[in-house]
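Next come the chains, spelled out residue by residue.
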Amino acid sequence: MTGPIGKPTPFIDAVMKVTGQARYTDDYYFSNMLYVAFLRSPYAHAKIIKINTIAAENHPGVAAVCIGPDLPVKFGILPISPDENAIAIEKVRYQGEIVAAVAAETMQEAKAAAAKISIEYEELKAFISPHDSLKT
């Protein structure tokens, strides 16, 4: 990062990062803290037909299971996409899109519970390149 022209200005946290003293999100622990694991879509484009979360909800240590309709608030990180959902609703638009989230007492419990969620998809044509989109 630079400040005034010709004068370098170091990042405020540069020394702490270089010396290993910086603290990151994963370094913080609180009493009664929960850990979250995500279940992600294996498809690039698919309709979500049915989600069954019962087995995950009943898994030991699980505090909550969340799917898209539970979190309908739109947000956007980039100006070009101000209307994104944190969790897919009705369909997935890219491989790896979050379809469900599980909060549990340990990360191992959260991951194990997320693996118990069953999702029925209807795979749709994936538009991988601009040329694919032009063909329709």
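None of the values given here were measured: they were computed from a predicted structure.

Draft legend 1. How the structure looks around the pairing of strand β2 (residues 46–52). Across two bridges, the pairing between β2 and strand β6 (residues 91–92) is antiparallel. Residue Lys47 lies in a different strand from β6, and its bridge partner there is Lys91.

Draft legend 2. Fine view of the nonpolar core. In terms of nonpolar packing, the biggest core is built from 20 residues, with Ile48, Val92, Val102, Ile117, Ile119 and Tyr121 touching the most fellow members. Within the residue set of this core, elements represented by two or more residues are β1 (35–40), β2, β3 (62–67), β7 (98–104), α3 (107–115) and β8 (118–123). The biggest single contributor to this core is β7, with four residues. Beyond its immediate sequence surroundings of up to four residues, Ile119 is in contact with Leu39, Ile48, Lys50, Ile51 and Val99.

Draft legend 3. Main features of the pattern of salt bridges. Counted under the stated rule, the structure contains one salt bridge. Residue Lys17 is joined to Asp13 by a salt bridge in which the shortest nitrogen-to-oxygen separation is 3.2 Å.

Draft legend 4. Quick peek at the sheet that holds β7. The sheet built from three strands is open, its strands ordered β1-β7-β3 with antiparallel pairing. Edge positions in the sheet fall to β1 and β3, since each has one partner strand and no second. Each strand of the sheet is rotated relative to its neighbour by a mean of 20°, with strand direction disregarded.

Draft legend 5. Structural view of the side chain of His59. For His59, the location among the structural elements is in the loop between α2 (54–57) and β3. Its relative accessible area of 14% is what places His59 among the buried residues. Setting aside its immediate chain neighbours within four residues, His59 contacts Glu109, Ala112, Ala113 and Lys116.

Draft legend 6. Region of interest: a nonpolar patch on the surface. Nonpolar side chains collect at one region of the surface, where Phe75, Ile77, Leu78 and Ile80 lie side by side and expose about 460 Å² of accessible area between them. As for its position among the elements, Ile80 is in the loop between β4 (74–75) and β5 (84–85). What makes Ile80 exposed here is its relative accessible area of 76%.

Draft legend 7. Molecular detail of α3. Of all the residues in α3, the buried ones are Ala110, Ala113 and Ala114. Summarising the axial view, the buried residues of α3 lie within an arc of 100°, below the 170-degree limit, and thus occupy one face. With respect to the buried face of α3, the exposed residues turned more than 90 degrees away are Gln108, Lys111 and Ala115. At its buried positions, α3 is contacted by β1, α2, β3 and β7.

Scoring rules and cut-offs
Residues numbered from 1 in each chain as written. Predicted model: local features only at pLDDT ≥ 70, side-chain atom pairs only at ≥ 80, totals over all residues. Heavy atoms only, no water. Pairing = 2+ DSSP bridges. Helix = DSSP H or I, 4+ residues; strand = E, 2+ residues; numbered from the N terminus. Core = buried A, V, L, I, M, F, W, Y, C linked by side-chain atoms within 4.5 Å. Buried < 20%, exposed > 50% of the residue type's maximum accessible area, 1.4 Å probe, protein only. Contact = heavy atoms within 4.5 Å. Salt bridge = Lys/Arg side-chain N within 4 Å of Asp/Glu carboxyl O. Axes fitted to C-alpha atoms, helices over the stretch in contact; angles between N-to-C directions. Patch = residues over 30% accessible without salt bridge, like charges linked within 9 Å, V, L, I, M, F, W, Y side chains within 5 Å. Areas by Shrake-Rupley, 256 points an atom, 1.4 Å probe, with all protein chains shown as cover. Arc of directions from axis to C-beta.

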